[in-house]
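Commentary on secondary and tertiary structure
Below, each chain spelled out in residue letters.
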Amino acid sequence: MKNAPLKFSAEVAKARANGLPIVALESTIITHGMPYPQNVETAEIVEADIRAAGAVPATIAIMAGQIYVGLEADELQTLAQASDVAKLSRADLAFALATGQTGATTVAATMICAHLAGISIFATGGIGGVHRGAESTFDISADLEELAQTPVTVVAAGAKAILDLPKTMEVLETRGVPVIAYGQDVLPAFWSRTSDLPAPLRADSAKEIAASHAMRARLGLPGGQLIANPIPAEAEIPANALRPHIEQALSEAETQGIAAKAVTPFLLQRIFELTEGASLTANIALVRNNARLASNIAKALTLASAGKSA
Ligand code: PSU
Ligand code: MN
């Protein structure tokens, strides 16, 4: 029997009691993915988007030995301003809980916590993946392994161009993770709506994605689904405009010997600086867009399971 130290916010506890659709949100994007104060502003707007779409947001973080599922406004503020927050993945989640650390959950850790809390749908910006040069560094995000083993559907905007997108897709295919592009035949590439890669799967409605999630459970397949939702057209940054900044950030990371957990936050911060904030504006627009789609998937899943038990 599992006995996870879960602590639900008042709003999430009520949603659980009433069988309402819930969407999980990660906290590493707040502590390590965006600068203050845009990080907390974004977290609040995204939560509001989910409520407006008819679902309930559950931002997940680790504090004082407990998994917080849903943060109260003051808890979110504290987390967003803290400077010594650990970035937690599968490897360090239990240690951080056992030792009372404050920790932000990555995609991998958020999936684990969401699943423990009975939440099936999770919205974020971008997932971790296979880093460029992984053939020598072996730097492959634990997010990919988590997608292969934990049954949560993750809505993201595709992988960032800081990663090796073709290699990321190969690993996902090998590990049996469905990658479903929303409303188009090619994979989106985070800041851009399109990439050169065809999407393995395509869905045109939240209902189809929910049905596929439910079917995986019926088949007893472990692991989740990755939904690749293109950034809204008006917020897109052309790949050509970003390429030199990405190259520069990558070469600085190499020169400065940035490794392991520090790589992704370093690259995101440098690209933010080099684009004078444009990357962040796009990032906010795509997270909000993902939150809306995730809400619709969560609603469709709730409707489907209500229909089944009726
Ligand atoms: N990609 C983004 N924004 C982010 C992250 C990734 O565009 O904030 C964060 C997520 O929390 C993701 C983590 O799970 O970085 C991946 O880190 P790593 O590459 O160290 O596994
Ligand atoms: Mn890594």
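Data block above holds the structure.
In this report, we go over the structure that sits alongside the text.

The rules behind each value
- Residues numbered from 1 in each chain as written.
- Chains lettered and ligands numbered in written order.
- Predicted model: local features only at pLDDT ≥ 70, side-chain atom pairs only at ≥ 80, totals over all residues.
- Heavy atoms only, no water.
- Near = heavy atom within 4 Å.
- Polar contact = N/O pair within 3.5 Å; in protein donor to acceptor, adjacent residues only side chain to side chain.
- Areas by Shrake-Rupley, 256 points an atom, 1.4 Å probe, with all protein chains shown as cover.
- Helix = DSSP H or I, 4+ residues; strand = E, 2+ residues; numbered from the N terminus.
- Nonpolar A, V, L, I, M, F, W, Y, C, P; charged D, E, K, R; others polar.
- Axes fitted to C-alpha atoms, helices over the stretch in contact; angles between N-to-C directions.
- Parallel < 35°, antiparallel > 145°, perpendicular 65-115°, else oblique.
- Left-handed = near helix turned anticlockwise from the far one by under 90°.
- Contact = heavy atoms within 4.5 Å.
- Phe/Tyr/Trp six-rings, centres within 6.5 Å; stacked < 30°, edge-to-face > 60°.
- Core = buried A, V, L, I, M, F, W, Y, C linked by side-chain atoms within 4.5 Å.
- Buried < 20%, exposed > 50% of the residue type's maximum accessible area, 1.4 Å probe, protein only.
- Expected span 1.5 Å × (residues − 1).
- Patch = residues over 30% accessible without salt bridge, like charges linked within 9 Å, V, L, I, M, F, W, Y side chains within 5 Å.
- Salt bridge = Lys/Arg side-chain N within 4 Å of Asp/Glu carboxyl O.

A word on the site of ligand 1. Of all residues adjacent to ligand 1, which total 16 residues, the nearest are Glu26, Lys87, Ser141, Lys160 and Thr264. The separation between an oxygen atom of ligand 1 and a polar side-chain atom of Glu26 is 2.5 Å. Between ligand 1 and Thr264, the relevant distance is 2.7 Å, taken from an oxygen atom to a side-chain nitrogen or oxygen of the residue. Within the complex, 92% of the 470 Å² of free accessible area of ligand 1 lies under protein. Going through the elements one at a time, α2 (28-31) and α12 (263-274) are the ones with two or more residues in the shell around ligand 1. Each residue belonging to the shell around ligand 1 can be placed in one class, and the counts come to four nonpolar, eight polar and four charged.

Here we take up the packing of helix α11 (residues 239-255) against α12. The relative placement of two packed helices comes down to the angle between their axes together with the axis-to-axis distance. Packing of α11 against α12 leaves a shortest axis separation of 9 Å and a crossing angle of 135°. In terms of orientation, α11 and α12 fall into the oblique class. Judged by the twist between their axes, the crossing of α11 over α12 is right-handed. Every residue of α12 that contacts α11 at Leu242, His245, Ile246, Gln248, Ala249, Leu250, Glu252 and Ala253 is listed here: Phe266, Leu267, Arg270, Ile271 and Leu274.

Moving on: the packing of aromatic side chains. Applying the stated criterion across every chain, the model contains one aromatic pair. Arranged with centres 5.0 Å apart and planes meeting at 85°, the rings of Phe190 and Trp191 form a pair that is edge-to-face.

Time to look at the packing of helix α3 (residues 38-52) against helix α4 (residues 73-81). Two elements in contact, α3 and α4, have axes separated by 9 Å at closest approach and are oriented at 145°. Between α3 and α4 lies a crossing whose hand is right-handed. On α4, the residues touching Asn39, Val40, Ala43 and Glu44 of α3 are Leu76, Gln77 and Ala80. In the contact of α3 with α4, the residues fall into four nonpolar, two polar and one charged.

What follows is about the nonpolar core. Judged by nonpolar contacts, the single largest core of 63 residues is most densely connected at Trp191, Leu267 and Ile297. It is helix α13 (residues 278-309) that contributes the most residues to this core, 12 residues altogether. In this structure, Ala58, Met111, Phe122 and Val179 belong to the second largest nonpolar core, which totals 40 residues.

The next thing to look at is the environment of Ala123. Note that Ala123 resides in strand β7 (residues 121-123). Linking Ala123 and Arg243, residues 120 residues apart in sequence, is a C-alpha distance of 26 Å. Leave out the neighbours within four places in its chain, and Ala123 touches Val23, Ala24, Leu25, Glu26, Val155, Asn290, Ala291 and Ala294.

In this section: unusual backbone geometry. In this structure, Pro37 follows Tyr36 across a cis peptide bond, with omega equal to 5°. Inspection of the secondary structure assignment puts Pro37 in the loop between α2 and α3. One non-glycine residue, Ala64, lies in the positive phi region at around 50°. With a phi angle near 55°, Ala260 is a residue other than glycine that sits in the positive phi range. Relative to the helices and strands, Ala260 resides in the loop between α11 and α12.

With respect to the element layout, Asn283 can be found in helix α13. Since its relative accessible area comes to 7%, Asn283 is described here as buried. Separated by 222 residues in sequence, Asn283 and Ala61 have C-alpha atoms that sit 21 Å apart.

Let us look at α12. Between its terminal C-alpha atoms α12 stretches 16 Å, which fits the 16 Å expected from 12 residues at 1.5 Å a residue. Val263, Pro265, Phe266, Leu267, Leu268, Arg270, Ile271, Phe272 and Leu274 are the residues of α12 that are buried. Positive phi appears at Glu276, one or two residues downstream of α12, with a value of about 50°.

On the surface, a nonpolar cluster with roughly 270 Å² of combined accessible area is contributed by Met215, Leu219 and Leu221. For Leu219, the position within the fold is in helix α10 (residues 206-219). Judged by its relative accessible area of 56%, Leu219 falls in the exposed class.

Attention now moves to the pattern of salt bridges. Throughout the structure, instances matching the rule amount to 13 salt bridges. Here Lys167 and Glu135 are joined by a salt bridge, their closest N and O atoms 3.6 Å apart. Of this pair, Lys167 sits in helix α9 (residues 165-174) while Glu135 sits in helix α7 (residues 134-137), placing them 32 residues apart in sequence. Classification of Lys167 by relative accessible area gives partly exposed; the value is 32%. On the basis of relative accessible area, Glu135 is assigned to the exposed category, the value being 55%.

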